[in-house]
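If you want the building blocks of each chain, they are given just below.
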Amino acid sequence: MIGAQSLERAVLILRIVSHHNRAGARLTDITTATALAQPTVHRILAGLMNEGLVAQDRDSKRYFLGQVIAEFGLTAAARYDSSDLFRASVSRLAAESEDTVFASRRSGLDMVCVDRRSGTHPSQAFVLDVGVRRPLGVGGSSLALLSALPAAEAREILDANARTIALFEQEPDERYYEELAQFARQGYAQRDIRGIDVRTVAVPILDGDGTPFAAFSLSTFHARMPPERIPAIVAMLRREAAWVQKRLQAEQAMALEAAG
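Residues numbered from 1 in each chain as written. Predicted model: local features only at pLDDT ≥ 70, side-chain atom pairs only at ≥ 80, totals over all residues. Heavy atoms only, no water.

1. Considerations on the side chain of serine 217
Tracing the backbone through its elements, the reader meets serine 217 in strand 8 (residues 212-221). For serine 217, a relative accessible area of 2% puts it in the buried group. Within the structure, the side chain of serine 217 is placed 3.1 Å from the side chain of serine 141, a separation counted as a polar contact. Non-local contacts of serine 217, meaning those with residues more than four positions away in its chain, are made with Thr100, Val101, Phe102, Ser141, Thr200, Val201, Ala202 and Leu237. (Helix = DSSP H or I, 4+ residues; strand = E, 2+ residues; numbered from the N terminus. Buried < 20%, exposed > 50% of the residue type's maximum accessible area, 1.4 Å probe, protein only. Polar contact = N/O pair within 3.5 Å; in protein donor to acceptor, adjacent residues only side chain to side chain. Contact = heavy atoms within 4.5 Å.)

2. Quick notes on the pattern of salt bridges
Applying the stated rule across the entire model yields 17 salt bridges. With a shortest N-O distance of 2.7 Å, glutamate 240 and arginine 92 are connected by a salt bridge. Of this pair, glutamate 240 sits in helix 10 (residues 230-259) while arginine 92 sits in helix 5 (residues 83-97), placing them 148 residues apart in sequence. Judged by its relative accessible area of 3%, glutamate 240 is buried. By relative accessible area, arginine 92 is classed as partly exposed at 34%. Ionic pairing is found between arginine 155 and glutamate 174, a salt bridge with its closest N-O pair at 3.6 Å. Placement of arginine 155 in helix 7 (residues 151-160) and of glutamate 174 in helix 9 (residues 174-186) is noted, with a sequence separation of 19 residues between them. A cluster of three or more residues bridged by salt bridges with shared partners is formed by Asp84, Arg87, Arg247 and Glu251. (Salt bridge = Lys/Arg side-chain N within 4 Å of Asp/Glu carboxyl O.)

3. Points about the side chain of glutamine 124
By the secondary structure assignment, glutamine 124 is in the loop between strand 4 (110-117) and strand 5 (133-135). Within the structure, the side chain of glutamine 124 is placed 3.2 Å from the backbone nitrogen of glycine 119, a separation counted as a polar contact. Looking at glutamine 124, its side chain comes within polar contact range of the main-chain oxygen of histidine 121, at 2.8 Å. Beyond its immediate sequence surroundings of up to four residues, glutamine 124 is in contact with Glu98, Asp99, Thr100, Ser118, Gly119 and Phe221.

4. Considering the pairing of strand 4
Along strand 4, six of the eight residues are buried, which leaves the element largely enclosed by surrounding structure. Relative to strand 4, strand 3 (residues 100-107) is paired through seven bridges, and the arrangement is antiparallel. Bridge pairing in strand 4 places alanine 103 opposite aspartate 115. Hairpin geometry of strand 3 and strand 4 is characterised by an intervening segment of two residues between the two adjacent antiparallel strands and by a positive phi of about 65° at glycine 108. Pairing of strand 4 with strand 5, which is carried by three bridges, proceeds in the antiparallel orientation. Along strand 5, the bridge assignment pairs methionine 111 with arginine 134. (Pairing = 2+ DSSP bridges.)

5. Observations regarding the packing of helix 2 (residues 27-34) against helix 3 (residues 38-50)
One way to put it is that helix 2 packs onto helix 3 with a least axis distance of 10 Å and a crossing angle of 110°. Our classification of the angle between helix 2 and helix 3 gives roughly perpendicular. Of the two elements, helix 2 crosses helix 3, and the hand of that crossing is right-handed. Together, Leu27, Ile30, Thr31 and Thr34 of helix 2 and Gln38, Val41, His42 and Leu45 of helix 3 make up the contact between the two elements. For the contact of helix 2 with helix 3, the residue count by class is four nonpolar, four polar and no charged. (Axes fitted to C-alpha atoms, helices over the stretch in contact; angles between N-to-C directions. Parallel < 35°, antiparallel > 145°, perpendicular 65-115°, else oblique. Left-handed = near helix turned anticlockwise from the far one by under 90°. Nonpolar A, V, L, I, M, F, W, Y, C, P; charged D, E, K, R; others polar.)

6. Focus on helix 2
Among the eight residues in helix 2, six count as buried, and that is most of the element. If you check which residues of helix 2 are buried, you get Leu27, Asp29, Ile30, Thr31, Ala33 and Thr34.

7. Some words on helix 3
Along its 13 residues, helix 3 runs 18 Å from first to last C-alpha, staying within 8% of the 18 Å computed at 1.5 Å per residue. Three or more residues of helix 3 are buried, namely Thr40, Val41, Ile44, Leu45 and Leu48. The arc enclosing the buried residues of helix 3, seen along the axis, measures out at 130°, which places them on a common side. Residues of helix 3 that are exposed and point over 90 degrees away from its buried face: Pro39, Arg43 and Asn50. Lining the buried residues of helix 3 we find helix 1 (4-19), helix 2, strand 1 (54-56) and strand 2 (63-65). Remark: glycine 52 follows helix 3 within two positions and exhibits a positive phi of approximately 80°. (Expected span 1.5 Å × (residues − 1). Arc of directions from axis to C-beta.)

8. Re unusual backbone geometry
If you check the backbone angles, alanine 35 has positive phi at about 60° while not being a glycine. Structurally, alanine 35 is set in the loop between helix 2 and helix 3. On the basis of relative accessibility, which here comes to 47%, the residue alanine 35 falls in the partly exposed class. Phi is positive for glutamate 98, which is not a glycine, with a value near 70°. Its place among the elements puts glutamate 98 in the loop between helix 5 and strand 3. Among the residues examined, glutamate 98 registers a relative accessible area of 34% and is labelled partly exposed.

Functional significance is not addressed by these values, which are geometric in nature.
Structure (structure tokens):
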């Protein structure tokens, strides 16, 4: 029988692999992010590979999610696919802004891109693909969501994700928390993507009970997002976030009525 600790470690390793699934995760990255001994990580990876949950590229030796994970996803999609919830909003935002718009949803300690639409402008910033998973604390969407949570809860999440965040950018420090507090005050997150000339603006989406569970974001090149354009972008994103919340509240009210 699998012990709880072994299961937790295996799930953590799957999360780390999923964060880096586009290019593959190195053994050293997984070891650093999990703070486990390398022999332990190697043993768990071998077990996951035996079950088809993880695969290793023969040449690069990097690890990727396995075929069985893809098959599980196909099976579960009918129950958990939320792209329909955001599709109309993402389409409207992309058409109105002419830029690339994303919808991302919280998944535990991670954020997953669930929809993306391109605008009509010739220059598009494809910073995320649908299905890409990042730890909460990395990227504008997750920072927007964290900024809408109680400060203590957001700090707890960032502390739990500190090692995984450090693989993408700096490990959270006091300046990180100050920036998050600023996002909370202004009601949106703004982040320049390191290494490329792209700026992202994101707003949280609340569920029917007022809990942040997702985010809309717009990414484009700096030349298309000067400071004076940001208020208009934020207004568009907030409008659609409010539309989603009203839809969820209506569905919630209908469900309660039917149950009563």
